[in-house]
Amino acid sequence: MSMKAVVATLNPLVKRILAVVCEKHGIQLVITESNPDLIEEVKAGDTNIIFIDESFDRENNYRIIDEIKSCDLPEDPLLIFIKSQTSAVETAELNGIDYILPIPFSNVKFEFIIRNLSGKPRKILLAGEMTDNIMSLYVALKKEGYELYHTPDATKCMDLAYEIFPDLILVRYSPENRHCLDFCGNIKKDIYTSRIQIVFLSETDDAAIIEKCFEAGANDTFLPPFKSELHLSKVKQLVSLQKRGKKSRAIVIDDSAMIRNLISRMFKQIGFSVAMAENGKQGIEMALRNKPDIITCDYDMPIMNGWEFCTEAKKIPDIMEIPIVMVTARGADVDKKKGAVLGVADYLTKPFREDDLKKCVSRVLDAVKKQKEREAITKYVASDVISSVDDMLDGVKKREAEDKFITILFSDICSFTPKCEKMGPRAIVSLLNSYFDRMIMILKDHEAIIDKLIGDAIVVRFDSGDRKRDAKNAVLSAYDMLNALVDFNKTAEETIEVRIGINSGNVILGNLGCESFRLDYTMIGDNVNITQRLESQSPHMGCLISDSTYELVREDVEVGPGQAFSLKGKTHKVIAYPLLRVIRR
């Protein structure tokens, strides 16, 4: 696999070291010495790795990283910060960095990073006595093509980890080998090795021991038989190649550097790109720049606390939909209820483990995904059809049919067939889509449920349960649609005129269709037919409202004289009124 790396540095030593290692691994290296050159190379979109030397622009390294992340790229490159040996805490403060390379860095550390982008065999280290159970796992992994290492002495595991930088360490847990818990904690705390996955192989299923393994920082714990298909599948997931494409992004907001770094490492373990802020004000600025997929926010912070951050974020259109997880020691129900008022997506109560964060993030992002899917589906079906489908998925086979009082609106374009005869197919579709965009927006603003679009006709129901509110929303919709069409026709290639009919009454709502093929949640009944007949009798660019609707809105409308209409299929005439004006209060 051919790869390209870009390095931003003015240091001749860094240039020389990277030139040598990149050549060895077949990586094309481009050296940049200014921020504009770096950004230009990144925007080209073919860069796999970006190295930023700490001395490149000490005062603006944060801004440069943010600028790189704001580039609209099809795939996120790895961001590697080259830094002289300093404290892990100071190093971890850098936002959005995938890996840290100290100067001088070992070749095995660099190979560990490259393995995340290439198809090279993954390295797995087994630590501890080789029992029959572990040997069977060892053999199975060898057959899978992994590069395996083994040390019977778990106390030497740390040194060996630095020597070979494995992708996964499998550690045998036993009562006499309890110091392996400390080893696991040291691996996870060290910023240079924290990305190494660790799995304990435990012969006992004691819940307290399993809990200790996870508390030490283990990514997973296996119970016998270690060679099971489930465990082999988990190993494959843990050491799988890094997914190419856009990474999910997180922002961690906390005034404690230790907590920021801890949560940041947890996010990186599950494949996120992370940026950090130490208060809500910085968090707002960072969210606007980075557009993250999720934000975790501490409650108690200086300058702008968690409550103030949520309040402000929900006012800003560009970031108001980003889910926020409140990370706090406050676990009381009243605090969760306060968070719900501001739309907090979930709570994480300190202390928590990586697994807790992973479950929380998965839960929140799944909810966001489902909401987006729901919004997308409503473009094709009525909103309450989704509720009907949800019922079916929840085990309710289908919604029972119900007899319900609603208000119905029919709208149809006048003389549309002649227009089609003189317009091409593309022009017709373009005109209709522009018309529907304008009309549907008005209807949605007035709480309409779009039942269906039939050719050039719009069929709508108002079904809140409040009869007067539904009837008023219907006449407001009709009035605003007619006025909007006047403006629409000023710029449209072809003039559109409509007829609208509105009626209120009982209908049957339910799933109609073939059980084994397709069901349509819709309305049927005499009042549906009356609405359609009123629409056909309405004048061009006019609306007829039935007597039943008029009785519900008489204080809110001005109408013309009532007329008795003989409608097809009806024995008795139907009284209807031409809508003249809506009185807005």
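Owing to the predicted nature of the structure, the values given are computational and were not obtained by experimental measurement. (Residues numbered from 1 in each chain as written. Predicted model: local features only at pLDDT ≥ 70, side-chain atom pairs only at ≥ 80, totals over all residues. Heavy atoms only, no water.)

Peer 1: For the packing of aromatic side chains, give the residues involved together with the corresponding values.
Peer 2: Evaluated as defined, the whole model comprises five aromatic pairs. With a centroid separation of 6.4 Å and an interplanar angle of 85°, the aromatic rings of Tyr173 and Phe200 are classed as edge-to-face. Here the residue Tyr173 occupies a position in strand β8 (residues 168-173), and Phe200 occupies one in strand β9 (residues 197-202), the gap between them amounting to 27 residues. With a relative accessible area of 4%, Tyr173 lands in the buried category. (Phe/Tyr/Trp six-rings, centres within 6.5 Å; stacked < 30°, edge-to-face > 60°. Helix = DSSP H or I, 4+ residues; strand = E, 2+ residues; numbered from the N terminus. Buried < 20%, exposed > 50% of the residue type's maximum accessible area, 1.4 Å probe, protein only.)

Peer 1: Give a detailed account of unusual backbone geometry, specifying residues and quantitative values.
Peer 2: The step from Pro224 to Pro225 runs through a cis peptide bond, and the omega angle for that step is 0°. When you line up the elements, Pro225 lands in the loop between β10 (220-222) and α10 (229-238). Despite not being glycine, Ile303 shows a phi value in the positive range, around 65°. Examined against the element boundaries, Ile303 turns out to sit in the loop between β13 (294-298) and α13 (306-313). Positive phi is not limited to glycine here, since Met541 has a value of about 55°. With respect to the secondary-structure elements, Met541 resides in the loop between α20 (526-537) and β21 (542-546).

Peer 1: Report on the packing of helix α18 (residues 425-445) against helix α19 (residues 467-491), specifying residues and quantitative values.
Peer 2: Where α18 contacts α19, the axes come no closer than 9 Å and their chain directions differ by 145°. Every pair of crossing elements has a handedness; the one defined by α18 and α19 is right-handed. On α19, the residues touching Leu431, Ser434, Tyr435, Arg438, Met439, Ile442 and Leu443 of α18 are Ser477, Asp480, Met481, Ala484, Leu485, Asp487 and Phe488. Split into classes, the residues belonging to the contact of α18 with α19 amount to nine nonpolar, two polar and three charged. (Axes fitted to C-alpha atoms, helices over the stretch in contact; angles between N-to-C directions. Left-handed = near helix turned anticlockwise from the far one by under 90°. Contact = heavy atoms within 4.5 Å. Nonpolar A, V, L, I, M, F, W, Y, C, P; charged D, E, K, R; others polar.)

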